[in-house]
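# Structural features, examined
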Amino acid sequence: MPDFKSPIAHGPVSAPDGVVRVEDETATAKIVVRAGSDSSAAADLSVPFGQSRLRADGTLVCGTRPDEWTLFAAVDRAAEVAASVDTEGFVSVVDITHGRAMMRVSGPKATAVLAKVCNIDLADDMTPDGAVFSGSVANVTCDLLRSDRAGDPSYLISCERSFGNYLFAALVDASTEFGAGLPAGLSIH
Amino acid sequence: MTGNRLPERPGEVIDRGTSLAFTWNGQGYTGYQGDTIASALAASGVEVFARSMKYKRRRGIMTADHWDPNLFVQVGDEPNVRAGSRCLVAGMEVSAQNVWPSLKFDVGAVNQMVGRFLTSGFYYKTFMRPKWFWHNVYQKVLRKFAPGGRIFWESSTHGAYDKRYAHPDVLVAGGGPAGMGAAIAAAEAGASVMLVEHEPELGGHLRWGDAADLAALAELTSAVEAHPGIEVVIDSTVTGRYDHNWMAVVQRSHEIAPERLIKARAASLVVAPGLIERPYVFAGNDTPGVMLSGAVRRLINLWAVKPGTRAVVLSANPEGDAAIADLEAAGVEIVAALDARAGEDIVEVEGRGRVDKVVLGDGRTVSADLVVIGIGWTAPTSLLNMAGDRPVYDPSAARYFPNQLPDGVLATGGITGNGTTDELVAHGRATGSLAASRALRSRHDRRVLAARARNPEGPKPEFLQDTRTPLARVPHPECYRSSTHGMVDLSEDVSSKDLVQASKEGFDSIELMKRYTTVTMGPSQGKLETVNASAVLAEARNMDMVDIGTTVWRPPYAPISLGALAGRIFEPIRRSALQDWHEAHGASPLLAGQWVRPDHYGDPVGEARNVRQNVGIIDVTPLGKLDLRGPDVTKLLELVYVNKWQKLDIGRVRYGTMVAEDGVVSDDGVTGRLGENHYLMTTTSSGAGAVWEMLEDYLQTYRPEWDVHVTAVTGGLTSINVAGPKCRELLLRLVEGVDLSPEAFPYFHVRRGSVAGVADCIIWRIGFTGELSYELHVPSGHALHVWESLLANGEDLGVRPFGVESQRILRLEKGHYIVGQDTDGLTKAPSAGLGGLVKLDKPDTLGLPELKAAYARTDLPMLVAIQPDDPQVVPMEAAQIVDGDSNRILGRITSSRMSPTLGRSVCLGQVDPSLAAAGTKVTILLIDGRRVTGTVQEHHAHVDPEGVRQNA
């Protein structure tokens, strides 16, 4: 199997003082599970809508929408993670690893960067570490997860794959206020 | 720098150690860091800054702040810069705007000589006739007089504008003592606070006050800065308040953008704008040297500028009195200190470039170069009005006060009453506490409701009643106009005489008068003139101010540039996994909706020919793809497609068309059955989102009992159509796990296998070109590898990529129609040539009643293939099909191209049913007016109507 290629053609972009960093994390296994709230799968996943938890096997389980979960893991674990879902009853397990671009905005100014392109209240109590939500980011419908790193806010943002390069550019563009440089060839236009 | 700069003042904001050089009308000047443009020029002795709009009267400093109607200047390529608030920057090139030939001598000043002919409604009365003069003469002449400076389309150097969102619990509009007190108390109560201040620094009137004011300011500033829950946004204005406390904050002079719009959603809004000092109406009140008391106090105390040498002061309040003390401290001789409370008055000011003589109410005439007016205030109730309030005029205090406010909006400070600094701060603090308590109740609710939020730790905070002790309404005389007439609206050059005349002409309601005279319609937008206008009208009509009312404050309260409203331009662009390759190989980009696609690689006709002769590959990723799973998928397909889906075996593919409830064709595509309860639906590229939404709509609302899961997988599966007589040979080299023989894998079937080592590919035997073709749906992370493998392994077969234009040619040759091009918003299924595809005997299908009605009709247009009789004529798409030599329209060409396969032009068209029979001659009206004939064909397909090639 050839290497997995991301739609984002740029490496990480950081402000010189590290207050914000935008990086591509598309190379992540992404499994979407649809199941009724009374299903075995739901009980097994055990994460309510809007929240997330890290499973012991390293899989991050996110309650993306009511009766819908997204599971994130290392990119080579897609089949394994998909197979781990209890499919008793009416349950769908779809591998969307290739269908979603994903990027992370992190650092002390990450919230301020996101607030330039997303109109959701990102205050700590409204969107705490582990919060899962959806919204428009730079006019692209995205699923977001607050996943803090080293005490600093950090957001994993995933969108339909074809928007990936644009959205990455939009996030870097928003980061320029805090010192990040826009790499050559990267533009929101 | 001349001697107008005073020795150091206690509260001055200038840095005397940093001189800044700039130019004014081409001449060199210097100011200090901290100066505004106006203060630097005033310190250097400049007295005239502008010419008025209509009469070109000389104008000087009036308010020395952002609202000063006389301080609009051009700075470099930026027009309409407010010199009263824009901080000086080294190297600024400042000039007066809209003067000709110069500020000192403006030809337009001749208008003053004919002023009596330029009164109310002058434009309406004068420029109506003759009608043809309007465009040819009037418009051109009037534009010469239009204010607004110069814009430089080509050479403008400003950067991008910006936007951000904010969700404070409490937004405080106004950073004076009450606003700061409110912010501190709200933050102490646990609320997040955004404190927006119009000036470049917090403090309001304390900034230019006495030592006690400065001490109080220092204390408040420290408290604000010390609290992490307060975000201070200076040099910014809350310019609009909309439903549910959605506030538009315009942030000026931010380092990353000329202006930024902050879209703030606050649970509580505290309105603390203070008061705006109001000019006084008398003859010559717009002469340079006539200033408001706040202006001279700001000039003296903030920028250490001596505003004149001999002053007449008219005061009706303590702030006016304080100006006298400041003037004396600055060494200005007080020629006359007039107390308006005691009935003393100013009647007229004389002087052209500067105040020269002042006629007092007692008949005396004194020599002076400065007239200071402190006669009252306008309450800037704008945000309150936007919250639904109708402020009420109180004649005893001579200003408007808040009336009924919604729970989420509170007012504090001078807009509500008078008080000492301590009283203002205390009222602000009480207001901040109240605002916070209401906001935190709202926050509690939102935390309970939002699935992502942390559950509230405690019970919902109690609702606090408003128990604030109101600020006093100190009596103030009603001083609006002297015994003479003067300017009311300095922006628009509207005088009190104009208003009286308008009233006499019948425009005697304030809203009508506004529109007739343009009073309050200039850049000031009523801040200085609206109350005076009401007062003049009340006097003219012999009515009370209360009964006159005011004009309505509407957003924006402060001007905002279109750039800031636009912010960054976010127009998402979708790219397939192969788009980089296409661009690197010379593809001409085609914007198709949000997608950027390869239109062609330089030779669309050659690319199409290669598909017919050898093999071509095209990136068709934008094709919508929906993964459907569940035991009830068949029911869903039966509902949304016009044909039947009960008997589709695993591995089979069927074409389907969708119609809307009105029977109009809405989308089409093929759907393949991949497993027992697993299907993959394709849609048109442009319709993918709408079809997905429609399916979810039906599943979630009309048929929630059906077990179907829909997952959009458009971008996850890169779609590559491999077409041409040699395509099977090419794929045999790369496909594993699938028997590609025509017997094992016939047309309209689907298989799963690996391609070029990439597993989990979906291989369809479908196409849009009429050739033998396979469509590969490849996991996008490996798509480039598959694409390049196809090219590398098919070199000897003549494989070439082809773009959208080639595909359009090929599909038209084959007669495949495109929804939205060969159909439109009125095309019902029979008109799309669907024939027997539509099954009217199904129990339920979207649009079924309309379909039955449509199929009972015989008058609907029909989609037919047409070949122009002159094979070299390619009618433009949308060319009309007409009735012979008449212009009666009988149809239109919907698609047309020159067919490289046939060497002639080919078309599809919608025609009247009378023309639909094969062999019928039609007349096509070309865009150049020529009429050519064409012949209706038997089949839609111009090439290979029997399907021999695609079924090979």
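Since the model is a prediction, treat every value here as computed from it, not as a measurement.

Thresholds, definitions, all that
Residues numbered from 1 in each chain as written. Chains lettered and ligands numbered in written order. Predicted model: local features only at pLDDT ≥ 70, side-chain atom pairs only at ≥ 80, totals over all residues. Helix = DSSP H or I, 4+ residues; strand = E, 2+ residues; numbered from the N terminus. Rg over C-alpha atoms; globule rule 2.2 N^0.38 Å. Contact = placed C-beta atoms within 7 Å. Expected span 1.5 Å × (residues − 1). Buried ≥ 20, exposed ≤ 12 C-beta atoms within 10 Å, placed from the backbone. Arc of directions from axis to C-beta. Nonpolar A, V, L, I, M, F, W, Y, C, P; charged D, E, K, R; others polar. Axes fitted to C-alpha atoms, helices over the stretch in contact; angles between N-to-C directions. Left-handed = near helix turned anticlockwise from the far one by under 90°. Pairing = 2+ DSSP bridges. Domains from an automatic or database assignment. Parallel < 35°, antiparallel > 145°, perpendicular 65-115°, else oblique.

This part covers the overall build of chain B. Per the secondary structure count, chain B includes 22 helices and 49 strands. Taken against the 2.2 N^0.38 rule, which gives 30 Å for 952 residues, the C-alpha radius of gyration of chain B at 38 Å runs more than 25% over that of a compact globule. Overall, chain B is about 110 × 75 × 55 Å in size when its C-alpha atoms are taken along their principal axes. Here the contacts in chain B between residues at least 6 apart in sequence split such that 67% fall between residues at least 24 apart.

Moving on: helix α18 (residues 688-702) of chain B. Two residues of an α-helix separated by three or four positions point the same way, owing to the 3.6 residues in each turn. Residue and element names in this part refer to chain B. With 15 residues, α18 extends 21 Å between its outermost C-alpha atoms, agreeing within 8% with the 21 Å of an ideal straight helix rising 1.5 Å per residue. Where α18 is concerned, the buried positions are Ala 688, Val 691, Leu 695 and Leu 699. One face of α18 carries all of its buried residues, which in axial projection span an arc of 75°. The exposed set on the far side of α18, more than 90 degrees from its buried face, consists of Glu 693, Asp 697, Gln 700, Thr 701 and Tyr 702.

All right, on to the interface of chain B and chain A then. Contacts between chain B and chain A engage 42 residues on the former and 43 residues on the latter. If you list the elements that add at least two residues to the side of chain B that touches chain A, you get β8 (162-166), α9 (421-449), β33 (624-629), β37 (709-712), β41 (758-764) and α20 (783-793) of chain B. It is β8 of chain B that provides the largest number of residues to the side of chain B that touches chain A, a total of four residues. Tallied by class, residues from the side of chain B that touches chain A come to 15 nonpolar, 13 polar and 14 charged.

Turning to the packing of helix α6 (residues 293-303) of chain B against helix α7 (residues 318-329) of chain B, a few remarks are in order. Residues and elements named next belong to chain B. Relative to each other, α6 and α7 sit at 35°, their axes nearing to 9 Å. Considering how the two elements wind past one another, α6 and α7 form a crossing that is left-handed. Residues Ser 293, Val 296, Arg 297, Ile 300 and Asn 301 of α6 lie in contact with α7, whose contacting residues are Glu 319, Gly 320, Ala 322, Ala 323, Asp 326 and Leu 327. For the contact of α6 with α7, the class distribution of residues is five nonpolar, three polar and three charged.

Let's shift gears to the pairing of strand β48 (residues 921-925) of chain B. Residue and element names in this part refer to chain B. Burial along β48 is one-sided: Val 922 and Ile 924 are buried, and none of Lys 921, Thr 923 and Leu 925, which face the opposite way, are. Note: strand β45 (residues 880-882) against β48, three bridges, orientation antiparallel. By the bridge assignment, Gln 880 is partnered in β48 with Leu 925. Sheet topology note: the β48/strand β49 (residues 931-936) ladder contains five bridges and is antiparallel. From the neighbouring strand, Thr 923 faces β49, where its bridge partner is Thr 933. The antiparallel pairing of β48 with β49 creates a hairpin that spans five residues between the two strands, and Gly 929 there sits at a positive phi of about 95°.

What follows covers the domain arrangement of chain B. Residues and elements named next belong to chain B. Taken as a whole, chain B is organised into domain 1 (162-275 + 381-449), domain 2 (479-563), domain 3 (574-622 + 719-742 + 753-782 + 789-815) and domain 4 (856-952). Distance between the C-alpha centres of domain 1 and domain 2: 28 Å. Elements represented by at least two residues in the side of domain 1 that touches domain 2 include exactly β12 (236-242), β13 (246-254), β14 (257-265) and α8 (382-386). At four residues, the largest contribution of residues to the side of domain 1 that touches domain 2 is made by α8.

Residues and elements named next belong to chain A. The domain boundaries assigned to chain A delineate domain 1 (13-27 + 99-178) and domain 2 (28-95). Of note, the centres of domain 1 and domain 2, computed from C-alpha atoms alone, are 22 Å apart. Listed by partner, the interface residues are eleven residues for domain 1 and ten residues for domain 2. Sorting the residues of the side of domain 1 that touches domain 2 by element identifies β8 (100-106), β9 (132-137) and β10 (140-146) as the ones contributing at least two each. Partitioned by chemical class, the residues of the side of domain 1 that touches domain 2 number six nonpolar, two polar and three charged.

All names here are of chain B. Relative to each other, helix α10 (residues 496-504) and helix α12 (residues 530-541) sit at 50°, their axes nearing to 9 Å. On the basis of their axis angle, the class for α10 and α12 is oblique. For the crossing formed where α10 meets α12, the hand is right-handed. Between α10 and α12, the contacting residues are Ser 496, Leu 499, Val 500 and Ser 503 on the first element and Ala 533, Val 536, Leu 537, Ala 540 and Arg 541 on the second. Residue composition of the contact of α10 with α12, grouped by class: six nonpolar, two polar and one charged.

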